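Below are the chains, spelled out letter by letter.
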Amino acid sequence: MSEKQSADPMHGMTLEKILQALVEHFGWPELGRRIAIRCFNHEPSIKSSLVFLRRTPWARSQVEALFVEMKTRPASTAGKDMRPRLFSARQK
């Protein structure tokens, strides 16, 4: 029998693996900017973040959504901030 691979990017991922992947990809400062929670911005660590995320469903859902976006977005734009800029650099 052949096993079918799940297309779900969350398949087989624990919260710890998700958080480690996000920190490796974005780093703590960018992760804290994208998801504004204290455990990402003030003395961040995997352990303290896991405790908070396991107790706070809304924060966990934001972390999971960012992970899915990171995995499904093309590699060329995954690390870039694609939000529109309010002010562009002046051209001389």
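If you're wondering where the values come from, they're calculated on a predicted model, not measured in any experiment.

Student: Is there a simple way to explain the packing of aromatic side chains in this structure?
Tutor: Any pair of aromatic rings gets described here by the distance separating the centres and the angle formed by the planes. Going through the model one piece at a time under the given rule, you end up with 2 aromatic pairs. Where Trp 28 meets Phe 40, the ring centres are 5.8 Å apart and the plane angle is 50 degrees; that geometry is what we call tilted. Taken together, the positions of Trp 28 in helix H2 (residues 28-34) and Phe 40 in helix H3 (residues 38-41) put the pair 12 residues apart, joining distant regions of the chain. With relative accessibility at 18%, the residue Trp 28 sits in the buried group. With a relative accessible area of 2%, Phe 40 lands in the buried category. Arranged with centres 6.4 Å apart and planes meeting at 85 degrees, the rings of Phe 52 and Trp 58 form a pair that is edge-to-face.

Student: What is the right way to read the nonpolar core from this model?
Tutor: In a soluble, globular protein the nonpolar side chains are often hidden away together inside. Membership of the largest hydrophobic core comes to 20 residues, with the highest contact counts inside it found for Leu 19, Leu 22, Leu 31, Ile 37, Phe 40, Leu 53 and Val 63. Going through the elements one at a time, helix H1 (15-26), H2, H3, helix H4 (46-55) and helix H5 (57-72) are the ones with two or more residues in this core. With 6 residues, the single largest contributor to this core is H1. Aside from chain neighbours lying at most four places away, what touches Val 63 is Ile 18, Leu 22, Ile 35, Phe 40 and Leu 53.

Student: When you look at H1 in this model, what are you seeing that I'm missing?
Tutor: Because the α-helix completes a turn every 3.6 residues, residues three or four places apart line up on one side. If you check H1, its first and last C-alpha atoms are 16 Å apart, about what 12 residues at 1.5 Å a residue would give, namely 16 Å. Of the residues making up H1, those classed as buried are Leu 15, Ile 18, Leu 19, Leu 22, Val 23 and Phe 26. All buried residues of H1 project into a common sector of 130 degrees when viewed along the axis, lining one side. Where H1 is buried, its residues meet H2, H3, H4 and H5. One or two positions beyond H1, positive phi appears at Gly 27, with a value near 85 degrees.

Student: In this structure, what is going on with H4? I would like to understand it.
Tutor: Among all positions in H4, only Ser 49, Leu 50 and Leu 53 are buried. Along the axis of H4, the buried positions cluster into a sector of 100 degrees, meaning they face one direction only. Among the exposed residues of H4, those oriented more than 90 degrees off its buried face are Lys 47 and Arg 55. The secondary structure elements touched by the buried residues of H4 are H1, H2, H3 and H5.

Parameters at a glance
- Residues numbered from 1 in each chain as written.
- Predicted model: local features only at pLDDT ≥ 70, side-chain atom pairs only at ≥ 80, totals over all residues.
- Heavy atoms only, no water.
- Phe/Tyr/Trp six-rings, centres within 6.5 Å; stacked < 30°, edge-to-face > 60°.
- Helix = DSSP H or I, 4+ residues; strand = E, 2+ residues; numbered from the N terminus.
- Buried < 20%, exposed > 50% of the residue type's maximum accessible area, 1.4 Å probe, protein only.
- Core = buried A, V, L, I, M, F, W, Y, C linked by side-chain atoms within 4.5 Å.
- Contact = heavy atoms within 4.5 Å.
- Expected span 1.5 Å × (residues − 1).
- Arc of directions from axis to C-beta.

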